[in-house]
Amino acid sequence: MKQKQIPELYIKENLEKETKQFYKFLHHQKFPQHRYMILESLPGLKKNLKSKIKLSKKDELKIIKQFISEFRKNHQIKINLIIKKSQQLNKTKFKKSIKILAELMDYQWPNKKIVYTAIPTILPFSPFENPTFYFSILGQIYGKSAKQRDIIFVAIHEISHFLLFDILEKIYQKPLEKIISSTSLYFLKEAITPALMNQSKMNKILKLKKYRGNPNVKYIRIKFSNKIMTLTELLSQIYIQRKNKEKKDFEEIIKEMIQIIKSIEPEINKRDELWNKFGGSLIKNKKLFRKYANPIKIK
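Residues numbered from 1 in each chain as written. Predicted model: local features only at pLDDT ≥ 70, side-chain atom pairs only at ≥ 80, totals over all residues. Heavy atoms only, no water.

A. Main features of the overall build of the protein chain. In terms of regular secondary structure, the protein chain is built from 14 helices and seven strands. For the protein chain, whose C-alpha radius of gyration is 20 Å, the value lies close to the compact-globule estimate of 19 Å for 299 residues. The principal-axis extent of the C-alpha atoms belonging to the protein chain is close to 60 × 50 × 35 Å. Just so you have it, the protein chain exposes about 16400 Å², and 50% of that area is on carbon and sulfur atoms. Looking at charge distribution, the protein chain has the averaged site of its 63 positive side-chain charges lying 6 Å from that of its 27 negative ones. (Helix = DSSP H or I, 4+ residues; strand = E, 2+ residues; numbered from the N terminus. Rg over C-alpha atoms; globule rule 2.2 N^0.38 Å. Areas by Shrake-Rupley, 256 points an atom, 1.4 Å probe, with all protein chains shown as cover. Lys, Arg positive; Asp, Glu negative; His and termini not counted. Charge placed at Lys NZ, Arg CZ, Asp CG, Glu CD.)

This is the structure we're talking about:
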């Protein structure tokens, strides 16, 4: 599929937007574990917020903004190097990888200039708000670069979500919330993305080793045709069979995947509630982890 227009990626810092993302995830009802992640990763912020007995939203935003500014000043040399490296990767790898992603998803960009914006953040995770996404540089600042995903990985991961949303709205001609529940959509997008990123064409660029996705997704196991596998492995097998062997397009494939996710929605909801209550700590708890990873049967 020849693309009429290839998107561009801009990388730029934005203190105001980053501050708002911090506040959002410190108080996010859907992802309460993100507050724990932020405060454990940034003990200085935890101390600053705890030093005040009662905070208005305005006061909290001010404390967050001041903390981010000071943190950046203290690590400015490292941050400059990280952003410089990210700009180089953007120039050498972004266009090639985004073309492959569009090919894997049978996606055609409209014939107009499209720009995605990547905002470096010291959040310990990489949230998004189409057409902007944030990429965490905290691991690299802390010297854990081996565990930190680079800008191209994050870009492909997040943009795959943007394309999926666009494809679903095109197929069903209605808002996403009328197609699938927010929880099911979350697990669908976070399971299909690793399946796409592990495809050989993409893997040549990203150099992944059996990427399994976010922790709360990679431990979701499925029992199907007397075989036990992860949800990502199941979707990957379906994708390879339908796309490469049966030559079906991505729209047909994703409709099949939606039906699978919907068929196990009650069990997915239970896993989601469990993770939101205990977060990553349940992995270390044998009883809880057994419950979380107990295979979901697909008839």
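B. Main features of the pairing of strand β1 (residues 8–11). By the alternation rule, side chains of β1 split into Leu-9 and Ile-11, which are all buried, and Glu-8 and Tyr-10, of which none is buried. Bridging between β1 and strand β2 (residues 115–121) involves four bridges; their strand directions are parallel. Bridging from a neighbouring strand, Leu-9 pairs with Tyr-116 of β2. (Buried < 20%, exposed > 50% of the residue type's maximum accessible area, 1.4 Å probe, protein only. Pairing = 2+ DSSP bridges.)

C. Structural view of the sheet that holds strand β7 (residues 296–297). In spatial order, the strands read β6-β5-β7; together these three strands make up an open sheet with mixed pairing. Lying at the two open borders of the sheet, with one neighbouring strand each, are β6 (227–230) and β7. Two strands pair when backbone bridges link them, and strand β5 (residues 221–224) and β6 are joined in this way by four bridges, in the antiparallel orientation. Considered in β6, the bridge of Ile-222 is made with Met-229.

D. Representation of the pattern of salt bridges within the structure. Taken as a whole, this structure holds 15 salt bridges when the rule is applied. Between Glu-246 and Lys-248 there is a salt bridge, with the nearest N and O atoms lying 3.7 Å from each other. Taking the relative accessible area as the measure of exposure, Lys-248 reaches 31% and is therefore partly exposed. A cluster of three or more residues bridged by salt bridges with shared partners is formed by Arg-242, Glu-246, Lys-248 and Glu-256. (Salt bridge = Lys/Arg side-chain N within 4 Å of Asp/Glu carboxyl O.)

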